[in-house]
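Coordinate analysis (summary)
What follows is each chain in one-letter form.
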Amino acid sequence: MEKCFMCKGNMENGYTNYMLDMDGHFIIIKNVPCHVCSQCGEVSYSGETMAKIENIVNVLKENLTEVAIVEFAA
């Protein structure tokens, strides 16, 4: 089982919302798969998930409005 790098608690599979501020434009990606520490709540993402987040952000950059809210579709 993976351990939290902050407190060494147990990391569990879960979902969270990923939020990003890009020069006053806000991007919210809902239901992103992650690992959450059961002790301190620290969140981490796999490399695959971060790559998908980067792709979503790059697509949204071209059509960015003040606030964009999208669903993370696995």
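Every value quoted in this text rests on a predicted model; they were computed, and no experiment measured them. (Residues numbered from 1 in each chain as written. Predicted model: local features only at pLDDT ≥ 70, side-chain atom pairs only at ≥ 80, totals over all residues. Heavy atoms only, no water.)

Some thoughts on the confidence of the model for the protein
- On average, the protein scores 93 in pLDDT, and the residues at 70 or more come to 99%.
- In the model of the protein, strand 4 (residues 67-71) stands out as the element of lowest mean pLDDT, 91, in contrast to strand 3 (residues 43-44), which has the highest, 97. (pLDDT = per-residue confidence, 0-100. Helix = DSSP H or I, 4+ residues; strand = E, 2+ residues; numbered from the N terminus.)

Describing the packing of aromatic side chains
- For the coordinates displayed, the defined rule picks out 1 aromatic pair.
- Centroid distance Tyr-18 to Tyr-45: 5.6 Å. Interplanar angle 75 degrees. Geometry classified as edge-to-face. With a gap of 27 residues between them, Tyr-18 in strand 1 (residues 11-22) and Tyr-45 in the loop between strand 3 and helix 1 (47-62) connect regions that are remote in the sequence.
- Residue class for Tyr-45 comes out partly exposed when judged on its relative accessible area of 25%.
- A cation sits over an aromatic face here: Lys-52 above Phe-72, 5.1 Å from the ring centre. (Phe/Tyr/Trp six-rings, centres within 6.5 Å; stacked < 30°, edge-to-face > 60°. Buried < 20%, exposed > 50% of the residue type's maximum accessible area, 1.4 Å probe, protein only. Lys NZ or Arg CZ within 6 Å of the ring centre and 35° of its normal.)

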